[in-house]
Amino acid sequence: MPLELPTVERVGAYTGVFEVRPVGGQTVLAGYAGGASPFGLRGELLAILPQMTPGRFEFRIEVTSSYLSRFSELRGTFHDADVLTKEAGPDG
Amino acid sequence: MNFEMTPEQELFVGAVRRFVREEILPLESRLDPDADQAPAEEFPRLQRMAKQMGLYCYDVPAELGGPGIDLLTQCLITIEMSQHRAGLYAPCYGAFGASGLAQLYEATPDQQERYLHPVLRGEKKGFFALTEPSGGSDPARAIRMRAVRSGDGWVLNGTKLYISGADGADFGLVFARTGEVGDRGSITCFIVDADTPGFRIARVVHTLRNAKYACELEFDDVRVPGENVLGEVNGGFEIATKRLTRQRIPYSAGCVGVAIAAQAMAISWAKTRETFGAPLASRQAIQWMVVDNELDIRQARGAVLEAAARADSDEPFRMEAAIAKLVATEAAGRVVDRVMQIHGGAGMTKDLPLERWYRELRIRRVGEGPSEIQRMIVARELLGTK
């Protein structure tokens, strides 16, 4: 989905993980919305939105209560790719 | 049995209790409710404090560089260390170190140098791979992974499932069949380096533990040198069960600690929360739940400490370890369930640690041998059956 305000505003305030990439490109950002994330995935995506040029990025989400282990899995997947990872939540 | 604490035990327990109250709980309130690691900038300070207490690697024998504390005292310490949100699987966020894989205590000096000591220094990580898709509770029959001699080494082929900590580990203890199916004396334990060609993590498996996942492992013509056999060829079953039996006791102690913490929450909530003009504590329904909690906790604590005391005195403790594991894991599950009920809606939320304990305690009734296996062990001891 395009990383733009109208689409992000439709994301639920769930716990889960997300990935961001340039349109058609590789993942450049992965993060999670945990139990302490205000407004869940929507809140985390809204927080990064100002740093992203409108129209140039897209995102995907997975709603899951296993957000930490799934995030670890995503980080492992991209371990060798010099990917910027973001840790959302109170320590993020 | 008399479990009155010695002055030294009181000292250790008091120090850990203060550490949890003054360091861990305030830190934890700032972390994600499912976090199992302290922030990198905080961890060295916590670890330093644990070392100053003389309790770093508190479950490691003195001859291997640990403080050489007996199992009973270890259990008393574990009960304190686990009394926080992450306490069941990440007591004090690992500040007190870890024994790593206790099976390596049986290793040769060369193996200890290459694997055990680096683990104790925090330089290497290992995993324990017994369970397979065909099962885990009956390794004599369930293990399908085969190890075949090749030159002066071995070649392993097969699959392991639900293996914790394999992703990112440097090596693993892998149990494979070196003889006939159904024969306990035909299993061998191998130390397998994770960078060995043919070894790979096939997939990760997410569980009720949010912060950690399990792995499915594949071994495709994995060559292991002969010097990486742990113990004797065909002696793997003994290695697995001997340490598993002992490990069940502190494993159970952690459950007791969580139950005690949950009970404290129940008592505090019952005294302050009012319904229909009176505190919950005045309601018989709540009183009985709190009493049932206390019965569960005291029985579980007694069973754990009795098993530990028997192990310390070099008496047979297989049955006592099974009873401790069975009683403590099931009792703690019931306690947390009741405390959630007492807390009502708040008990279901991630605002409180109860839902995390509820999920993680459910694993404890299966991990390290399910309740049914513990009952089998006790039945065999009582009836002399096989």
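Note that the coordinates shown come from a computational prediction; the quantities given were computed from them, not determined experimentally. (Residues numbered from 1 in each chain as written. Chains lettered and ligands numbered in written order. Predicted model: local features only at pLDDT ≥ 70, side-chain atom pairs only at ≥ 80, totals over all residues. Heavy atoms only, no water.)

Side note on the pairing of strand β5 (residues 187-193) of chain B
Taken residue by residue, a regular strand's side chains alternate between the two faces of the sheet. Residues and elements named next belong to chain B. With respect to burial, β5 is a largely interior element, six of its seven residues being buried. Bridge count between strand β4 (residues 171-177) and β5: seven bridges; the pairing is antiparallel. Bridging across to β5, Arg-177 finds its partner in Ile-187. With two bridges joining them, β5 and strand β8 (residues 229-230) adopt antiparallel strand pairing. Each residue of the ladder has a partner; that of Phe-190, found in β8, is Val-229. (Buried < 20%, exposed > 50% of the residue type's maximum accessible area, 1.4 Å probe, protein only. Helix = DSSP H or I, 4+ residues; strand = E, 2+ residues; numbered from the N terminus. Pairing = 2+ DSSP bridges.)

Brief notes about the packing of helix α3 (residues 71-81) of chain B against helix α6 (residues 236-272) of chain B
Residues and elements named next belong to chain B. Following both chains from N to C, one finds α3 and α6 inclined at 30°, their axes separated by 7 Å at the closest point. The pairing of α3 with α6 is recorded here as roughly parallel in orientation. Seen along the crossing, α3 lies across α6 with a hand that is right-handed. Contacts between α3 and α6 involve Leu-71, Cys-75, Thr-78 and Ile-79 on the former and, on the latter, Arg-246, Ile-249, Pro-250, Ala-253, Gly-254, Val-256, Gly-257 and Ile-260. For the contact of α3 with α6, the per-class residue count stands at eight nonpolar, three polar and one charged. (Axes fitted to C-alpha atoms, helices over the stretch in contact; angles between N-to-C directions. Parallel < 35°, antiparallel > 145°, perpendicular 65-115°, else oblique. Left-handed = near helix turned anticlockwise from the far one by under 90°. Contact = heavy atoms within 4.5 Å. Nonpolar A, V, L, I, M, F, W, Y, C, P; charged D, E, K, R; others polar.)

Quick look at the environment of Thr-53 of chain A
When you line up the elements, Thr-53 of chain A lands in the loop between α2 (40-48) and β3 (57-63). Thr-53 of chain A sits in the partly exposed class, given a relative accessible area of 38%.

Comments concerning the packing of helix α8 (residues 318-343) of chain B against helix α10 (residues 371-383) of chain B
All names here are of chain B. Contact pair α8 / α10: the axes reach a minimum separation of 9 Å and the direction vectors enclose 145°. Considering how the two elements wind past one another, α8 and α10 form a crossing that is left-handed. For the pair α8 and α10, the contacting residues are Arg-318, Met-319, Ala-322, Ile-323, Lys-325, Leu-326, Thr-329 and Glu-330 in the first and Ser-371, Gln-374, Arg-375, Ile-377, Val-378, Glu-381 and Leu-382 in the second. Considering only residue class, the contact of α8 with α10 consists of seven nonpolar, three polar and five charged.

Description of the state of the cysteines
Using the criterion set out here, one finds zero disulfides over all chains in the structure. Between Cys-92 of chain B, a free cysteine, and Cys-57 of chain B, which holds the nearest cysteine sulfur, the sulfur-to-sulfur gap is 14 Å. (Disulfide = S-S within 2.5 Å.)

Overview of the packing of aromatic side chains
Under the counting rule described, the total for this entry stands at nine aromatic pairs over all chains. When the centroid spacing of 5.2 Å and the interplanar angle of 55° are considered together, the rings of Tyr-32 of chain A and Phe-71 of chain A count as tilted. Placement of Tyr-32 of chain A in strand β2 (residues 29-33) and of Phe-71 of chain A in helix α3 (residues 67-77) is noted, with a sequence separation of 39 residues between them. Judged by relative accessible area, which is 6%, Tyr-32 of chain A ranks as buried. Judged by relative accessible area, which is 2%, Phe-71 of chain A ranks as buried. When the centroid spacing of 5.1 Å and the interplanar angle of 55° are considered together, the rings of Phe-199 of chain B and Phe-219 of chain B count as tilted. Highlighted residues: Phe-199 of chain B in strand β6 (residues 199-205) and Phe-219 of chain B in strand β7 (residues 214-225), separated in sequence by 20 residues. One exposure class covers both Phe-199 of chain B and Phe-219 of chain B, and it is buried. What links up through ring pairs into an aromatic cluster is the set Tyr-32, Tyr-67 and Phe-71 of chain A. Here the basic side chain of Arg-364 of chain B rests over the ring of Tyr-89 of chain B, its NZ or CZ set 4.4 Å away from the ring centre. Stacked on the ring of Tyr-251 of chain B, the Lys or Arg Arg-364 of chain B has its end atom at 4.0 Å from the ring centre. (Phe/Tyr/Trp six-rings, centres within 6.5 Å; stacked < 30°, edge-to-face > 60°. Lys NZ or Arg CZ within 6 Å of the ring centre and 35° of its normal.)

Take it as geometry only, folks, not as evidence of what the structure does.
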